[in-house]
Amino acid sequence: MAKNAWPSADKRSLIGKRISRLDGPVKSTGRAKYAYDISRPGMIYARLLWAPYGSAKVVSIDTSAATQIKGVVGAWPEMKDGDEVRFAGQVVASLAATSEEIAHEALKSIKVVYEVQTPQMNDVLLEKAETKEQRDEIPDAATVDKTFNEAEVKIEGHYGAAAITHCCMEAHGQVAEYRDNAMYIWPSTQNVSAYAAGLADAAGMPASQIHVDCQYMGGGFGSKFDSDQWGAICTRIAKETGKPVKLMLERDHELMAAGARPSAFANVRAGASKDGRITVWDSTAWGSGGMGGSRALGVPYIFGNIPNIRRVSRSVRTNRGSQRPWRAPGHPQSCLVTMAALEDLAAAAGVDSLEFFLKNLDYTERPDVYREELRIAADLIGYKDKAHPRGDSTPGPLKRGLGISLHTWGGAGHKSESTVTINPDGSASVNIGTQDLGSGTRTVVGIVVAETLGLPLENVQVNIGRNEYPASGASGGSTTVGGVSTSTRDAATAALNALFEKVAPALGVGADQLEAWQGSIHVVGDASKSMPWVKACSLLGQIPVTGKGSKPASDGTQLDNSGVGGVQMADVTVDIETGRVTINEFVAVQDCGLIVDLKTAESQVYGAMIMGVTYALYEESIYDPVTGRMLNADMEFYKLAGLADVGTLKVHMMTGPGYDERGVIGLGEPPVISPGAAISNAVANACGVRVPTIPLTPNRVLAALEQGGKLA
Amino acid sequence: MNAFEYAQPATLDEAQALLTSASGPVAVLAGGTDLLTAMKQGIVNPARVVSLKSIEELRGIEVSSDAVRIGAMTTLSELAAHPDVARLYPCLVTAIKGIGSPQIANMGTVGGDLCQHPRCWYYRNGFGLFGMNNGASLVLEGDNRYHAIFGNDGPAKFVNVSSLAPGLIALDATFNVRGADKQMRDIPAADFFKTPSAPEESLTSLAAGEVLTHITIPAAQTRNATYEVRERHGLDWPLVTASVAYTDAGGSAQNVRVVLGHVAPTPWVVDAAAKTLEGKAIDEAAAAACGTSAVADAKPLSMNGYKVQLAKVAVKRALLAAAG
Ligand SMILES: Cc1cc2nc3c(=O)[nH]c(=O)nc-3n(C[C@H](O)[C@H](O)[C@H](O)COP(=O)(O)OP(=O)(O)OC[C@H]3O[C@@H](n4cnc5c(N)ncnc54)[C@H](O)[C@@H]3O)c2cc1C
């Protein structure tokens with residue numbers, strides 16, 4: 001009988017190996033069809049008109065001229081007269097036409113009259129900001145003040161991160177087609193199984209009649225959980241016109257309306273003993289995620305057990321598109337504020353940063369893991385040879401420095417169901433209503449089935465991305481791999497046990513004595529008794545067997561787990577005459593329990609590091625304070641890192657005893673948390689001053705150098 | 001993008017006839033890397049687009065003993081790859097490499113680079129060339145981190161973004177222009193660029209129907225170099241660029257030209273700073289002093305003071321690069 005547990009190391013043929021993703025070839029040859037690529041017979045194109053002001057009242061919307069244009073199928077107001085515009089990019093009207101070009105041009109003929117108001121755009125200056133909500137955690141103010149005042153070493157600093165967007169390579173949107181009293185949707189989504197629920201109203205039918213199909217998608221990062229207003233508009237137009245409709249956001253609209261990571265700023269006071277033992281943390285933090293404000297920062301990040309803590313938080317409202325969860329919501333900002341302040345404290349104490357973090361690890365939840373990871377990261381980056389006290393003293397404008405950061409994440413699996421079918425011809429398939437965001441989910445699901453059945457990966461047909469398949473959770477919060485691998489292992493085990501029931505009599509043993517291994521079914525402990533897989537499956541006769549598996553929301557299966565630690569170190573060069581930062585080397589050391597596919601796991605970390613260099617050095621949503629318009633809603637001035645920018649990346653995954661037996665844990669978020677902090681710390685170590693706010697662009701670096709009296 | 005007529009004539013005569021006979025606004029199309037974007041953004045709305053692609057005489061590079069003559073339709077990649085250009089004018093090659101995009105360099109032309117529209121984000125977002133809203137300058141009140149630090153007293157606060165222009169001015173190039181009347185005229189590179197004081201005024205000294213046909217650069221051996229500062233290492237616009245050229249007379253510099261790019265509504269010639277080097281050996285101290293002098297008159301806006309520092313350093317480093 002196959003056990004629903006992960007195989008031991010000696011019994012793993014696929015799990016933990018470096019396996020190329022199953023959909024690599026179709027993606028790299030362009031044969032993979034994304035929502036953007038879907039084309040249906042007679043399809044029309046919908047476009048959205050968005051408000052160009054951060055704050056305004058809609059006086060009137062007139063679509064009549066637009067509807068007269070040849071090729072326009074229809075135009076609809078999406079706001080009512082008198083409605084408030086709360087951010088530039090808010091949808092005001094929609095339009096559909098027979099070509100994208102006509103739709104784009106015809107939008108200009110929709111006449112909207114606004115009463116323009118002054119938008120609230122400031123999130124940087126707390127005293128001038130519009131505070132929405134405040135949350136203070138001050139267990140013992142007097143002791144905090146006293147400890148700070150008496151601390152042998154103290155720092156007071158300002159730290160922050162500008163608001164950024166998700167900037168998915170594939171914009172939000174979908175194709176909708178109404179036919180045979182059912183709705184067919186091809187969206188770009190992180191949430192296949194639940195996507196239809198949000199469209200039932202627009203489609204005028206129950207979610208059960210809405211078919212969702214997302215085979216490939218070009219990034220979500222937390223911004224694609226919902227079907228969204230545009231999904232509903234697209235669906236409604238499809239129903240109303242009876243024609244298939246494509247509605248994908250354009251890049252500018254995507255950057256304004258389809259996702260933002262809140263800004264975060266903090267004034268921090270912290271104290272330590274002369275030898276670098278932290279004694280007190282006192283912070284006032286604020287940030288804005290647009291209209292809805294933002295949640296409080298979790299500072300001091302991971303060093304939550306520092307003895308004296310005061311934490312004041314303000315949520316600031318601005319007239320910007322609302323925040324959406326951005327890969328590890330809140331963590332990169334909290335991490336930056338904490339690690340930067342603590343590194344400043346180390347520098348003030350004159351204690352080496354690595355030694356400082358090691359000395360205070362007992363204030364974290366996972367000191368042993370961090371200790372081991374810090375050692376490995378230090379080796380990989382050559383810490384001993386490169387480390388120097390704050391401020392590189394070599395002559396010349398190029399200063400080199402090292403920075404460290406630590407992070408954590410949960411990553412338990414979400415609710416999930418799978419079915420695995422074994423056919424009489426020996427083929428096997430798995431159905432699961434999950435999605436592959438590019439992270440390798442399809443491959444992981446295939447590996448789990450193949451490993452469980454003792455088959456090569458290519459013998460398993462993996463079916464994902466449709467809501468007809470057993471429901472699986474949204475891909476967010478690093479919950480996917482734990483969810484899908486658990487339910488799939490469960491389902492594959494159930495199917496295999498059903499097969500064992502048929503095979504056992506032929507081998508003259510009980511089903512509980514069988515195991516599947518390398519293409520055969522064996523009797524445990526008796527090498528002479530086995531049956532090739534295909535022959536065994538032929539015993540099924542005419543009817544395939546299907547096993548069902550599930551991963552409850554919180555479970556006792558022990559197949560997944562939660563709680564990881566990671567360490568990153570950056571080696572940078574700062575040109576102190578131009579303020580330009582160059583990444584030399586960047587190291588990530590990460591645990592995530594049992595790794596299903598080492599290659600896609602490493603890829604996940606590389607991707608996170610590149611995304612991290614991007615937000616550390618370049619990325620920023622820039623808004624006009626007067627009109628509230630986003631000024632860089634394009635990919636020219638909304639700057640993402642390219643290959644020339646990222647330096648040499650090194651990834652080390654923690655595996656083996658102590659890690660593998662924990663079960664599968666998610667990896668999407670953790671590696672993207674530390675880059676801002678590690679790179680900011682490296683810049684401080686190089687040039688001798690803290691650049692308070694990321695991205696670390698030349699204007700910010702030069703301003704900090706000037707303020708620190710270090711401008712050449 | 002609005003609907004428009006499209007023509008691809010084979011001769012300049014035909015092209016110019018097409019440019020002057022249209023009833024609405026016209027646009028010359030070279031590589032299209034800027035024009036098509038500007039049309040999609042709705043900031044240029046021609047009724048007729050005339051492509052120069054099939055006009056043979058506008059392509060190619062001719063080298064004679066006293067000059068190098070570059071057709072306006074020569075692509076940026078072709079220019080950078082030409083052995084004589086690489087030998088004589090490293091300042092141009094650096095400027096082209098700095099664009100950081102083989103795709104743009106393969107499509108973009110010399111003429112197009114010199115005539116391209118500003119990238120000012122207020123302009124590109126539909127607030128007009130001067131970025132005005134209800135009679136007030138959004139550039140002044142808003143985010144001007146990439147705007148002008150020189151020549152910004154008038155309504156124009158944008159920067160000229162041609163990376164080739166500073167080098168061509170430093171090299172004393174001449175722009176050869178053909179009028180609708182088929183007459184050629186020569187414009188010194190530095191005089192080609194204009195700062196408009198009203199939105200309808202031109203950014204260049206090209207009159208209606210005129211086409212830039214060639215660029216002529218003296219073939220004299222100079223020391224020249226470009227240094228630019230960008231945020232990213234790959235594809236990105238320079239924050240500041242400096243191109244310099246001088247004649248090396250036995251270790252002392254003569255005819256020094258120092259030209260800044262991306263700092264003013266036109267390429268910005270800093271003759272006074274250049275003069276400080278006349279007859280001197282270019283060393284670290286002299287180069288640094290020239291950089292300081294080059295930015296003496298800078299008038300940064302609220303958010304772009306850092307560009308003054310960058311301009312200072314770019315001049316110094318360009319000079320040191322030229323001196324080798
Ligand atoms: C992301 C990005 C980064 C860039 N970075 C840089 C950079 O760092 N430095 C830099 O210099 N450029 C940069 N560019 C701009 C690029 O170099 C220009 O778009 C290109 O050189 C324009 O050439 P084109 O032939 O495509 O011109 P087109 O787009 O065809 O034309 C541009 C303009 O010039 C006019 N024009 C063209 N030829 C003539 C002629 N012969 N006579 C009269 N008018 C003419 C056209 O009417 C049009 O108004 C960048 C562009 C992008 C998109």
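Definitions and cut-offs
- Here the residue index of a chain counts from 1 through its sequence in written order.
- Each chain is given a letter, starting from A, and each ligand a number, starting from 1, according to the order in which they appear as written.
- The model is predicted, so local features are restricted to residues of pLDDT at least 70 and side-chain atom pairs to those at 80 or more, both for listing and for counting; the totals for chains, interfaces and linings are taken over all residues.
- Hydrogens are left out, water is left out, and the side-chain values use all remaining heavy atoms of the structure.
- For two strands to pair, DSSP has to find at least two bridges joining them.
- Numbering of helices and strands runs from the N terminus; a helix is a DSSP stretch of H or I covering at least four residues, while a strand is a stretch of E covering at least two.
- The contact criterion used is simple: two residues touch if any of their non-hydrogen atoms lie within 4.5 Å.
- Between N-to-C directions, angles span 0 to 180 degrees; the directions come from axes that are lines fitted to C-alpha atoms, helices contributing only their stretch in contact.
- Note on aromatic contacts: the rings of Phe and Tyr and the six-membered ring of Trp form a pair at centre separations within 6.5 Å, being stacked when their planes are under 30 degrees apart, edge-to-face when over 60 apart, and tilted otherwise.
- Only protein chains enter the accessibility calculation, which uses a 1.4 Å probe. A residue is then buried if its area is under 20% of the maximum for its type, exposed if over 50%, and partly exposed in between.
- Counted as over-ring charges are cases with an Arg CZ or a Lys NZ within 6 Å of the ring centre that also lie within 35 degrees of the ring normal.
- Domain delimitation follows an automatic or database domain assignment.
- In short, buried area is how much 1.4 Å probe accessible area vanishes from two parts on joining, totalled over both.
- Salt bridges, as used here, are contacts in which a Lys or Arg side-chain nitrogen is within 4 Å of a carboxyl oxygen on Asp or Glu.

S.K.: Talk me through the sheet that holds strand β12 (residues 238-249) of chain B; I want residue IDs and the actual numbers.
M.R.: Two orientations exist for strands paired in a sheet by backbone hydrogen bonds: parallel and antiparallel. Residue and element names in this part refer to chain B. Read from one edge to the other, the open sheet built from four strands follows the order β11-β12-β13-β14, with strand pairing classed as antiparallel. Two strands close off the open sheet at either side, each with one partner strand: β11 (223-230) and β14 (268-269). When β11 meets β12, the two strands line up antiparallel, connected through eight bridges. The residue bridging R230 from the neighbouring strand is P238, located in β12. Contacts from helix α14 (residues 306-323) reach β11, β12 and β13 (252-261) within the one sheet, and its direction differs from that of β12 by about 35 degrees.

S.K.: Tell me what's going on with the sheet that holds strand β5 (residues 67-71) of chain B, and back it up with residues and numbers.
M.R.: All names here are of chain B. Spatially, β4-β5-β10-β8-β9 is the arrangement adopted by the five strands of the open sheet, whose pairing is antiparallel. If you trace the sheet from one side to the other, it starts and ends with β4 (61-63) and β9 (184-188), each paired once. In this sheet, adjacent strand axes meet at a mean angle of 20 degrees when their direction is disregarded. As defined by bridge partners, strand β8 (residues 174-178) adjoins strand β10 (residues 211-218) across five bridges and the pair is classed as antiparallel. Paired with R178 across the strands is V211, a residue of β10.

S.K.: Break down the packing of aromatic side chains for me, with residues and values.
M.R.: Scanning the model with the defined rule gives 14 aromatic pairs over all chains in all. Centroid distance Y34 of chain A to Y216 of chain A: 6.0 Å. Interplanar angle 45 degrees. Geometry classified as tilted. Residue Y34 of chain A is found in the loop between α1 (24-28) and β1 (44-50), and its partner Y216 of chain A is found in the loop between β12 (210-212) and α7 (228-241); the two are separated by 182 residues along the sequence. Using a relative accessible area of 14% as the deciding quantity, one classes Y216 of chain A as buried. Ring centres of F637 of chain A and Y146 of chain B lie 5.5 Å apart, and the angle between their planes is 35 degrees; on these two criteria the pair is classed as tilted. Taken together, the residues F637 of chain A in the loop between α16 (598-617) and β28 (648-654) and Y146 of chain B in the loop between α9 (138-141) and α10 (164-170) connect one chain to another. Note on accessibility: F637 of chain A and Y146 of chain B belong to one class, buried. In textbook terms, an aromatic cluster arises when at least three aromatic residues are bridged by ring pairs, as seen for F303, F356 and F357 of chain A. Above the face of the F148 of chain A ring, K154 of chain A is positioned so that its terminal group lies 5.3 Å from the ring centre.

S.K.: Describe the domain arrangement of chain B, and please don't skip the residues or the numbers.
M.R.: All names here are of chain B. Under the domain assignment used here, chain B contains domain 1 (1-55) and domain 2 (59-323). Taking the mean C-alpha position of each, domain 1 and domain 2 sit 25 Å from one another. The interface of domain 1 with domain 2 comprises 17 residues on the first partner and 19 residues on the second. Both faces considered, domain 1 and domain 2 share a buried interface measuring about 1,600 Å² in area, 61% of it formed by carbon and sulfur atoms. Taken as a group, Q16, D34 and I43 account for 32% of the area that domain 1 buries against domain 2, more than any other trio of residues on that side. Across the contact surface, domain 1 and domain 2 share four salt bridges. The partner of R178 in a salt bridge is D13, with the nearest N and O atoms 2.8 Å apart.

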